[in-house]
Amino acid sequence: MSSIDTDVGRRTGQANPGPSWRERLTKALPIFVLVPSLAASFVYIFVFTSWTLYISLSNSSLLPSYGFVGLDNYASLWSNRRWNIAYSNLFFFSAFYIVGAMAIGLALAILIDQRVRGEAMWRTIFLYPLAVSFIVTGTVWSWLYNPVDGIQMLVRSLGWTNFNFALASDRNTAIYAIIITGIWQSSGFAMALFLAGLRSVDQDLIKAAQIDGASTFRTYRKVILPVIAPIFLAVAVIQIQFAIKTFDLVAALTRGGPGISTTFPAIYVYDLMFQRGQIGEGAAAAMMMLAALAVVLVPYSFYVVWRHRKESRHG
Amino acid sequence: MSSLTIRNLRKSFGAVEVLKGINIEAQAGEFIALVGPSGCGKSTLLAMIAGLETVSEGEIRIGDRLVNSVAPKDRDIAMVFQSYALYPTMTVRENITFGMESRGVPKPQRDEAVKRVSALLQIEPLLGRKPGQLSGGQRQRVAMGRALVRDPKLFLFDEPLSNLDAKLRVDMRTEIKKLHHRVGKTTVYVTHDQVEAMTLASRIAVMHQGQVQQFDEPQTVYDRPANMFVAGFMGSPAMNFIPAEVGTDTDGKPAVSIKTAGASTTMLALHEGVSGISTRNVILGVRPEHIFRYSPELKAAKPSIAKVDAPVEMVEPTGAETIGFMRFGDLEVVGRFDPDEAPRMGETITLGIDMSHACLFDPITKKLL
Ligand SMILES: Nc1ncnc2c1ncn2[C@@H]1O[C@H](COP(=O)(O)OP(=O)(O)OP(=O)(O)O)[C@@H](O)[C@H]1O
Ligand SMILES: [Mg+2]
C-alpha cells in the first residue's frame, strides 16, 4: 500500500505528505475513548477477582494478610451448615424464580400481543415493579407478609377470621415468599423482552400459518416461539445473574430468617466479611458464587460465539 | 378448481379508503394478474381474497360460495408471499408439511405429497435444510412447494419473483407458466412488473388508486388501453403522449396535426378505423416500437405509416435495440430502433409512425376515444 503511494507521489512529482495530524487523531480517537473503561473493567474484573481468589487462599481474618493456607477456608466454609443452606437456597430459589418469572412474563406478553386495548397502559403497569428497587419491593412485601398488619390482617378484617397467611414467618415456606416477590418484581421485565420479540416476528409468518390452518396455540408453539428462542436464553441469563446476586431483596424481606432458613450466599459473604471479620472465608464464599455464575455464563458465551460464527458463515 | 368472483369490493383502513369498488371475475383455471404501481392496493386485495383482511363492503365468492366471513384456513386457498414467509426454524420438509400436519393428514400421505412436489420443483436435495441455508431462488421454490403441496381451489401469489435477480426472475417466470399449464388451478398473481403480467396472465387487471382501470386480455390491454394511466403503465419505455388537433388532411381524410420541430406542424392521417371523433383536441398515444426510420419501401408495404421529421436529441443503445429521443415541439418522443438503422445524435431523422396502432385519448377524461 505505502509503496504504491510513494510510487504515485514520485510519478506526479509531488511530495507525499503522509497522514495529517487530523487523520491520525481520527484513527486514535476510538482508542482514547475506550481505554478508561477498558482499564477500569480490567482492574475491577481481573485484578480484584485474582485478589479475592488469593485472599480466599490466605489466612486473612479482620484485615487482609498473605499467609498461604491452601483450601482451608473452603473446607471450613463447606463444613458450615449455614453456608450449605445458603448455597442450596440459591439453586432452589434460582430455579423457581427464573422459571416462574419467564412463564408469567411469557404469558403476559402473549396476552398483550393479542392487540388488547390500552396496550401501553398494561405494559407500563407490568413493567413498573422493575422501576422499584429490590429494597423497596422487599420492604413493601414484608409488610404484606406480616401477619399482624399484612394480607392476613386484611382478609381477617373482612370477616374470614380463621384465615392464615404467614408465608414469610414460617421457616419452611419463607423461601417461597422470596420467590413470589422476586417473580413479581421481574416478570414484567421478562414480559417486555418477550413482547419485543413477539412483535419482531414477521407478520407474514403468522399469516402463512393461518392459511396453513394452524390454531393460535399451534402457531405460537411451532412458529412464533421457536423464532424467538434466543430471547428465552437471553432472559434466562439475565435472570440468573439477578438470582445469584440476590441480597437486597432477602435483606429487606426476611433478613435471612426465620432462623437461617432464607440465608443466601450474598448475605453470608457480607456477614463473614463485614460482621464477623473472616475475610479469608468470605472471599472463599464469594469465589463459590463466581463459580455458580460461571457454570451458567461460560457455556452461554461459548454458545453465543458459536451461533455468531454459524450465522456469519451462512451470510 | 373453481372460479373467483369479486363484486363491488371496498376496503377502508380507518378513514382511508384503499379499495374503491373492485370488480373482477376469474373463470375456473384462469391466471389473473393484478398489476399497478406501489400502494395501489394489490396486496390488500389479495389478503382479502385470502381472508387475512376483513371485507369492508362487497362480496368475494370462491366458486359459488360466499367467503366474506370464512376463516383463511377454510377457504381452501394456497398463497405464496412476497417475503416467502418460510418458517425459519423448520426444515424445508417441515415447512412443506406444516399445513397438512395442522389439518391432520396422516404421515404416509404427507410423505407422498412431499415426494410429488419436491420432484416437481426439483428441491429433493434441499428437504433437510433450513430456509436460512437456501439461496433466494431455492427459497422461492420452497415457498411454491408449500403452496403446491395442497390441492387448493385457488392459488394466490404476492409478487413472488420481486426478490430475485433479473435472470432468475425470467427463468422462474417461465417455470410458473409451465406449472400453471400442468396444474391448471385458478390463480391470482400480484406483480408490479408489467412484463410478468403480460407473459403469464390470461387476463390482466390494471389497478390504480384503489380501482380497476382495465380488466382484459394482455394484448387488448396493451393495444387498446382503456385510459392514459393504463397506456402509460403497460410497456417500457412508456407510450408517447402527443397533444394533437383533429382535422382533415389534403385528401380530406381524418387526420391529426401535431407540433414538430420548431413551430411547424405536421398532419398525420388517421387509421381508417378511426372516425366520428367530436372533440377537437386529443392526445395521440404512440408506442415507441411504432416509431422507426422512414423508408419508401416500408410506406409501400404499410400505407398507414405517417411521415415526420424530427431532430434527435439522444440515443441509448441497449444491445438488442437502440432507444432514440426525438424533439417534437416542446415534447420529447421516444422511439425503439433496430441498431442497424439507429439514429445518430444531432441528426434530423425522418420518422415513420405506424398510425394503425396509435391511440387517441380525451385530454380531459383521459379515456380512450
Ligand atoms: N394495515 C393498514 N393500515 C392502514 N393502511 C394500510 C394498511 N395496509 C395497507 N395500507 C395502505 O393501503 C394502501 C395499499 O397497500 P397495499 O399493500 O395493498 O399496496 P400494494 O399495491 O401491494 O403495493 P406494493 O406494490 O408496494 O406492494 C397503501 O396506501 C397502504 O399505505
Ligand atoms: Mg404489495
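Position numbers for residues start from 1 in each chain and track the written sequence from start to end. For naming, the first written chain is A and the first written ligand is 1, with later ones following in the order written. Side-chain atom pairs in this predicted model are given and counted only at pLDDT of 80 or more, local residue features only at pLDDT of at least 70, and totals for whole chains, interfaces and linings cover all residues. Each side-chain value is derived from all of the structure's non-hydrogen atoms; neither hydrogens nor water enter the calculation.

(A) Representation of the domain arrangement of chain A within the structure. All names here are of chain A. For the domains described, the bounds stem from an automatic or database domain assignment. Domains assigned within chain A are domain 1 (2-56) and domain 2 (82-314). Inter-centroid distance (C-alpha atoms) of domain 1 to domain 2 is 41 Å. Residue contacts follow a heavy-atom distance rule, with two residues in contact if any of their heavy atoms lie within 4.5 Å. Of the residues lining the interface, 5 residues belong to domain 1; the matching set on domain 2 comes to 7 residues. We define buried area as the total accessible area lost by two parts upon association, computed with a 1.4 Å probe and summed across both. Each partner contributes to the roughly 430 Å² buried at the junction of domain 1 and domain 2, and carbon and sulfur atoms together form 90% of this total. Here a salt bridge means any side-chain nitrogen of Lys or Arg lying within 4 Å of a carboxyl oxygen belonging to Asp or Glu. Taken together, the links from domain 1 to domain 2 amount to 0 salt bridges. Pairs of N or O atoms are called polar contacts if they sit within 3.5 Å, as long as, within protein, a hydrogen donor faces a hydrogen acceptor (for residues adjacent in sequence, only side-chain-to-side-chain pairs). Scanning the region where domain 1 abuts domain 2 turns up 0 residue pairs in polar contact (both at pLDDT 80 or more). For this scheme, ten residues count as nonpolar: Ala, Val, Leu, Ile, Met, Phe, Trp, Tyr, Cys and Pro. Four count as charged, namely Asp, Glu, Lys and Arg, and the remainder, Gly too, count as polar. For the side of domain 1 that touches domain 2, a count of residues per class yields 2 nonpolar, 3 polar and no charged.

(B) Expanded view of the site of ligand 1. Residue and element names in this part refer to chain B. In the vicinity of ligand 1, the residues found are Phe13, Val18, Ser38, Gly39, Cys40, Gly41, Lys42, Ser43, Thr44, Glu159 and His192. Measuring from an oxygen atom of ligand 1, one finds a backbone N or O atom of Gly39 at 2.8 Å. Methods summary: accessible areas were calculated by the Shrake-Rupley approach with a probe of 1.4 Å, and residue burial reflects only the protein chains presented. Burial of ligand 1 by the surrounding chains reaches 57%, relative to a free accessible area of 640 Å². In terms of residues, the shell around ligand 1 owes the most to one element, helix H1 (residues 42-50), which gives 3 residues. For the shell around ligand 1, the class distribution of residues is 3 nonpolar, 6 polar and 2 charged. We call a residue near a molecule or strand as soon as one heavy atom of that residue lies within 4 Å of the molecule or strand. A run of H or I in DSSP becomes a helix once it reaches four residues, and a run of E becomes a strand once it reaches two; helices and strands are each numbered from the N terminus.

(C) Quick peek at unusual backbone geometry. All names here are of chain B. For the peptide bond that leads from Ser236 to Pro237, omega is -5°, which places it in the cis range. Within the fold, Pro237 resides in the loop between helix H8 (228-233) and strand S11 (240-248). Not every positive phi belongs to a glycine, and Tyr84 is a case in point at roughly 70°. The topology assignment puts Tyr84 in the loop between strand S6 (77-80) and helix H2 (92-102). Burial status follows relative accessibility: with a 1.4 Å probe on protein chains alone, a residue under 20% of its type maximum counts as buried, one over 50% as exposed, and anything between as partly exposed. By relative accessible area, Tyr84 is classed as buried at 6%. Even without a glycine there, the phi angle at Glu159 is positive, about 40°. Inspection of the secondary structure assignment puts Glu159 in the loop between strand S7 (154-158) and helix H5 (166-183). The exposure class of Glu159 is buried, given its relative accessible area of 8%.

(D) The nonpolar core, seen in detail. The definition of a nonpolar core used throughout is a set of buried Ala, Val, Leu, Ile, Met, Phe, Trp, Tyr and Cys residues joined through side-chain atoms within 4.5 Å. Ranked by size, the top nonpolar core spans 96 residues in total, and within it Leu4, Leu45 and Leu156 of chain B carry the most contacts. Ranked by the residues each element gives to this core, the list is headed by helix H4 (residues 81-113) of chain A, at 11 residues. With residues near it in sequence (within four places) discarded, Leu156 of chain B still touches Leu46, Ile49, Ala50, Ile77, Ala78, Met79, Val80 and Val188 of chain B.

(E) Region of interest: the sheet that holds S11 of chain B. Residue and element names in this part refer to chain B. Pairing is antiparallel in the open sheet, where 5 strands are placed in the order S13-S12-S11-S14-S20. In this open sheet, the two edge strands, each paired with only one partner strand, are strand S13 (265-269) and strand S20 (359-361). Across the sheet, the mean angle separating the axes of adjacent strands is 40° when strand polarity is ignored. The pairing of S11 with strand S12 (residues 254-259) spans 4 bridges and is antiparallel. Directly across from Val246, in S12, lies its bridge partner Val256. DSSP bridges decide pairing: two strands pair if at least two such bridges lie between them. Helix axes are fitted to C-alpha atoms over the stretch in contact, other axes to C-alpha atoms as well, and angles between N-to-C directions run from 0 to 180 degrees.

(F) Focus on the side chain of Asp204 of chain A. Tracing the chain through its elements places Asp204 of chain A in helix H9 (residues 203-211). The side chain of Asp204 of chain A sits in the buried core without any salt bridge; Lys207 of chain A is the nearest counter-charge, 4.2 Å away. Not counting the four nearest positions on each side in its chain, Asp204 of chain A is found in contact with Phe81, Ser83 and Ala85 of chain B. In this charge count, Lys and Arg are treated as positive and Asp and Glu as negative; neither His nor the chain ends contribute.

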